[in-house]
Amino acid sequence: MEYYQIAIDGPSGSGKSTLAKGVAQKLGILYLDTGAMYRTCGLKALRLGISTKDKEAVAEMMKDINVDISHVDGEQHVFLDGEDVSKEIRTAEASVAASDVSAIPCVRAAMVDLQRKISEGKNVVLDGRDIGSKVFPNAKYKFFLVAAAEERARRRLLELQQKGICDQTFEEVLRDIEYRDHQDTTRAESPLVKVDDAIEIDTTSIGIEETQDLLLSYIKE
Ligand code: DC
């Protein structure tokens, strides 16, 4: 049996994770949030007090890290060295740390391996930055989501407030988003890019349900 992958790439707050989760549920396939994996590496560096930009120190840290994923009632949980850190990885500090460590090649190599291993023998929808370009360049369906930075910041703030873990202002959230946009698109290793065969969807002024219907209509074709 041939298995397929659906790649959903795009910048922070473009709606990737909500969409990927919804699509996975609708199609009854696995959802993999790859950003959570980079966040887990970033969290470990923060806990160890390592500079998230220090390539050598982060490389050393990667020799002794265990990142694991499991699904409970359709929700992805991520484990750092056996501890469920699904909530801790969502802080503003962990977001910036994730973006920093994700630019380091050995971190990417380890996470890409893990993503491919988890996806083996399954139909899966993955969201991230390099799914269509690097992790699964032959993915059957590729989508690239975009949205205006202000709208993405508004959504991120709302999401954090709903989770009860936000002590940032709108301006701070926007600044973090712009920092990550810049870093994620300009890094040397697997930067965020729209590949030619990806379908671009601008979600600035369309709701999540409409976006999901649009995406599913391409898949049904
Ligand atoms: O999707 P997210 O906001 O949870 O991702 C956190 C960071 O991880 C993001 O700033 C860039 C990085 N990332 C990546 O480099 N490649 C991926 N496939 C997913 C995330």
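Predicted model, so just to flag it, every value in this text is computed and none were measured.

Cut-offs applied
- Residues numbered from 1 in each chain as written.
- Predicted model: local features only at pLDDT ≥ 70, side-chain atom pairs only at ≥ 80, totals over all residues.
- Heavy atoms only, no water.
- Pairing = 2+ DSSP bridges.
- Helix = DSSP H or I, 4+ residues; strand = E, 2+ residues; numbered from the N terminus.
- Axes fitted to C-alpha atoms, helices over the stretch in contact; angles between N-to-C directions.
- Contact = heavy atoms within 4.5 Å.
- 1 Å grid on protein atoms, 1.4 Å probe; cavity = no way out; pocket = protein on both sides within 12 Å on 5 of 7 lines; lining within 4 Å.
- Points joined across faces, edges and corners; volume = space filled by probe spheres on them.
- Nonpolar A, V, L, I, M, F, W, Y, C, P; charged D, E, K, R; others polar.
- Expected span 1.5 Å × (residues − 1).
- Buried < 20%, exposed > 50% of the residue type's maximum accessible area, 1.4 Å probe, protein only.

J.: Which parts of the structure should I look at to understand the sheet that holds strand E2 (residues 30-33)?
T.: Strand pairing in a sheet takes place through backbone hydrogen bonds and is either antiparallel or parallel in direction. Taken in spatial order, the five strands of this open sheet run E2-E6-E1-E7-E8, and their pairing is parallel. Strand pairing shows two members of the sheet lacking a second neighbour, E2 and strand E8 (199-202), which therefore form its edges. The sheet shows a mean angle of 20° between the axes of neighbouring strands, taken without regard to direction. Where E2 and strand E6 (residues 124-128) come together, four bridges link them in parallel fashion. Along E6, the bridge assignment pairs Leu32 with Leu126. Sheet contacts for helix H5 (residues 105-119): E2 and E6; angle to E2, the most-contacted strand, approximately 170°.

J.: Could you clarify how one ought to interpret the layout of surface pockets in this entry?
T.: Once rolled over the atoms, a probe with the size of a water molecule shows which space is left empty. The calculated volume of the largest pocket comes to roughly 1,000 Å³. Taken together, 48 residues make up the lining of the largest pocket; nearest its centre are Ser17, Asp33, Arg90, Arg156 and Glu159. The element contributing the most residues to the lining of the largest pocket is helix H7 (residues 149-163), with seven residues. Considered as a void within the structure, the second largest pocket measures approximately 180 Å³ in volume. Lys21, Gly22, Ala24, Gln25, Ile29, Leu30, Tyr31, His71, Asp73, Gly74 and Glu75 are the residues that line the second largest pocket. Residue contributions to the lining of the second largest pocket peak at four residues, all from helix H1 (residues 16-27). Considering only residue class, the lining of the second largest pocket consists of four nonpolar, four polar and three charged.

J.: Would you mind going over helix H2 (residues 35-48) with me for this structure?
T.: Two residues of an α-helix separated by three or four positions point the same way, owing to the 3.6 residues in each turn. Taking 1.5 Å as the rise per residue, H2 with 14 residues should run 20 Å; its terminal C-alpha atoms sit 20 Å apart, in good agreement. With ten of its 14 residues buried, H2 lies for the most part within the structure. Within H2, the full set of buried residues consists of Ala36, Met37, Tyr38, Arg39, Thr40, Cys41, Gly42, Leu43, Lys44 and Ala45. At the C-terminal side of H2, Gly49 shows a positive phi close to 75°.

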